[in-house]
Every structure is written in structure tokens, then in C-alpha cells.
Amino acid sequence: MDLRVYTQHLQDLNVSRGTFGHASKNIALLLQCTLNLMGQSEDPMVLSGEIIPDIEEFENHATVESSKCLVLLLREYLCMIFGEYETGADMALESEGRFAATVRGMFFIMPETFARGVNLFAAARKTKKAKYRRGAKKVLLTVQKWVLDGNPNVQHQYQLFLAELCTLNRNYDKAELLYHRALSLATRSGFVHDAAVISERCADFYSSVRNFPEDACYKINDACNLYNEWGCHIKAEQLSTQ
């Protein structure tokens with residue numbers, strides 16, 4: 001969903017923190033994160049700003065585990081969007097299984113798993129560390145099970161993670177096909193934000209792995225257009241200066 005529309009939906013709820021307990025706190029977290037993604041915070045990587053003045057104080061007063069887990073998800077997600085992959089990967093390894101066990105059955109499991117997988121695969125490629133590779137393969141198996149169970153909303157995620165694994169295994173021709181398949185699936189299914197992430201990962205593949213600068217530039221431009229379409233202009237600006 002377009003960040004501007006999503007932000008308006010959250011604001012229209014007009015729920016003040018504390019009125020409805022932890023539910024309103026979760027809304028406040030989501031709203032602060034969307035403002036970060038739209039560049040309306042001092043530091044987009046810190047979940048503090050207009051809605052949540054102090055995230056550490058917020059966490060200290062959070063009494064419901066689901067709220068704490070949502071903070072984790074949003075931090076992992078911001079790491080994925082703004083390229084802090086190793087930080088996000090370390091969070092993923094430290095909290096492995098905690099999110100899914102706490103919010104079992106909730107929609108948030110899918111975006112959290114996607115962010116976790118992207119961060120882990122990206123960190124594995126950059127650092128060559130086995131711990132990130134092992135964690136990434138666990139995420140791939142989780143998404144693979146969802147695909148086999150018939151979940152239509154994670155097909156593009158699965159193709160992306162297969163592409164990332166092929167890249168780690170130096171099967172570059174297959175990886176390239178899988179990146180493009182993942183992008184096509186995400187675009188056709190309306191996951192603009194995921195398509196932006198996939199384009200960016202494909203650009204990194206062309207740049208750091210294949211040394212194809214023209215292809216990398218083309219994919220970066222695609223990612224910028226998709227981030228702008230989503231409403232995340234601050235990320236598009238960040239990419240355009242690379």
C-alpha cells in the first residue's frame with residue numbers, strides 16, 4: 001500500500017496512546033515507522049519522532065510481548081529498507097523464532113520473515129560469514145513451506161531468496177533469472193515495496209557480484225522509481241546519490 005494512504009488510514013483511526021491499551025500502542029509504532037519511511041523523522045533508522053518521542057522509554061513501559069515484537073519487526077524492516085543489513089541480520093539471529101512464536105497467525109509474520117531473510121542473505125553475501133548463511137537458509141525453508149501450503153502472497157519472496165542462495169553458491173545465470181522472476185511476481189501482485197527491495201538486491205548482484213555497471217544502474221533506477229511510487233522518497237534519494 002502507498003505509504004501516504006497507509007499513513008492517512010492510521011491517522012484516521014484517531015486513537016490516542018493508552019486509550020485502547022496495547023492496540024493503540026501498536027498503531028503508534030506503525031505510524032511512526034511510516035513517517036520514518038516518508039522522511040518525516042530526524043533519523044529514519046530510529047523509531048522516535050512526532051508520534052513516539054522516545055522509543056527506549058516506550059519499550060520500557062511496554063507490558064505486552066506483541067508490542068515488543070512489533071518494535072523488533074519495524075527495526076528489522078528499517079534495516080532492510082535503508083541497507084543496514086548486518087545490523088538487521090544480527091537482530092534476526094538474536095531473536096530467532098521469538099516473533100513467530102509470539103504473534104502466531106498474524107499477518108505481520110510475513111513482512112517480518114521477508115525483512116529477516118533479506119537482511120541475512122545480504123549480510124551473508126557481504127561478509128561471507130557462515131552464521132548469516134545458516135540463518136538465511138532457515139528463512140528460505142520457512143517461506144518454501146508457505147509456498148507449498150498454497151500461500152499466494154510469498155511467491156516473489158521465495159524466488160528472491162532462491163536467487164540470493166544461487167548467488168552465494170555462484171550459480172549466477174540461474175540467480176539472474178530468479179531475480180527477474182521475483183521482480184515480475186512482486187510487480188504483478190502489487191507488492192510495490194517488495195519490488196523495490198528486489199530491484200535493489202538485483203542491482204547489488206549486478207554491481208558487486210557480476211561487475212555489470214550498466215545493468216546495476218538500470219536496476220537502481222527501477223528501485224528509485226518503485227520507492228518513489230511507494231512514497232519512500234528518502235530512500236529513492238539515498239539510492240540516486242550512489
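This one's a predicted model, so the numbers in the text were calculated from it and none came from an experiment.

**Looking at the packing of helix α4 (residues 65-81) against helix α11 (residues 192-209)**
In the contact formed by α4 and α11, the axes pass within 11 Å of each other and the chain directions differ by 50°. In terms of axis orientation, α4 runs oblique to α11. For the pair α4 and α11, the contacting residues are Tyr 77, Met 80 and Ile 81 in the first and His 193, Asp 194, Val 197 and Glu 200 in the second. Across the contact of α4 with α11, the residue classes tally to four nonpolar, one polar and two charged.

**Details of the state of the cysteines**
Under the defined criterion, the tally for this structure stands at zero disulfides. No disulfide involves Cys 166; its sulfur sits 13 Å from that of Cys 202, the nearest cysteine. On the accessibility criterion, Cys 166 (11% relative accessible area) is buried. No disulfide involves Cys 232; its nearest neighbouring cysteine sulfur is the one of Cys 33, lying 9.4 Å away.

**Some points on the packing of aromatic side chains**
Overall, the coordinates contain six aromatic pairs when judged by the stated rule. An angle of 25° between the planes, with centres 5.6 Å apart, marks the rings of Phe 121 and Phe 161 as stacked. Remark: Phe 161 occurs in helix α9 (residues 155-168) and Phe 121 occurs in helix α7 (residues 109-127); sequence separation between them is 40 residues. In this structure, Phe 121 and Phe 161 share a single accessibility class: buried. On the numbers, 5.1 Å between centres and 45° between planes, the contact of Tyr 179 with Phe 205 is tilted. You can see Tyr 179 sitting in helix α10 (residues 172-188) and its partner Phe 205 sitting in helix α11, a full 26 residues away along the chain. Comparing Tyr 179 with Phe 205, the two get one shared label, buried. Among the aromatic residues, those joined into a ring-pair cluster are Tyr 172, Tyr 179, Phe 205, Tyr 206 and Phe 212. Its guanidinium or amino end placed over the ring of Tyr 85, Arg 201 lies 5.2 Å from that ring's centre, counting from NZ or CZ.

**Thoughts on the pattern of salt bridges**
Tallied over the full model, the rule gives 11 salt bridges. Two residues, Asp 90 and Lys 131, come together in a salt bridge whose shortest N-O distance is 4.0 Å. Here Asp 90, found in helix α5 (residues 85-94), pairs with Lys 131, found in helix α8 (residues 130-148); they are 41 residues apart in sequence, far enough to count as distant. Put simply, Arg 125, Glu 164, Arg 201 and Asp 204 are held in one network by salt bridges that share partners.

**A look at the nonpolar core**
One finds Leu 37, Ile 81, Phe 161 and Tyr 227 to be the most contacted residues of the largest nonpolar core, which totals 78 residues. No other element matches the 10 residues that α7 contributes to this core. When sequence neighbours within four positions are dropped, the list of residues in contact with Ile 81 reads Leu 37, Val 197, Glu 200, Tyr 227, Trp 230, Cys 232 and Lys 235.

**Side note on the environment of Gly 83**
As for its placement among the helices and strands, Gly 83 is situated in the loop between α4 and α5. Looking at Gly 83, the relative accessible area reads 32%, which means it is partly exposed. In sequence terms Gly 83 and Ser 24 are 59 residues apart; their C-alpha atoms lie 29 Å from each other.

**Quick word on the side chain of Lys 235**
Among the secondary structure elements, Lys 235 is positioned in helix α13 (residues 233-240). In this structure the side chain of Lys 235 is engaged in a polar contact, spanning 2.7 Å, whose partner is the backbone oxygen of Ile 81. Apart from residues lying up to four places away in sequence, Lys 235 is in contact with Ile 81, Phe 82, Gly 83, Glu 200 and Tyr 227.

About the cut-offs
- Residues numbered from 1 in each chain as written.
- Predicted model: local features only at pLDDT ≥ 70, side-chain atom pairs only at ≥ 80, totals over all residues.
- Heavy atoms only, no water.
- Axes fitted to C-alpha atoms, helices over the stretch in contact; angles between N-to-C directions.
- Helix = DSSP H or I, 4+ residues; strand = E, 2+ residues; numbered from the N terminus.
- Parallel < 35°, antiparallel > 145°, perpendicular 65-115°, else oblique.
- Contact = heavy atoms within 4.5 Å.
- Nonpolar A, V, L, I, M, F, W, Y, C, P; charged D, E, K, R; others polar.
- Disulfide = S-S within 2.5 Å.
- Buried < 20%, exposed > 50% of the residue type's maximum accessible area, 1.4 Å probe, protein only.
- Phe/Tyr/Trp six-rings, centres within 6.5 Å; stacked < 30°, edge-to-face > 60°.
- Lys NZ or Arg CZ within 6 Å of the ring centre and 35° of its normal.
- Salt bridge = Lys/Arg side-chain N within 4 Å of Asp/Glu carboxyl O.
- Core = buried A, V, L, I, M, F, W, Y, C linked by side-chain atoms within 4.5 Å.
- Polar contact = N/O pair within 3.5 Å; in protein donor to acceptor, adjacent residues only side chain to side chain.

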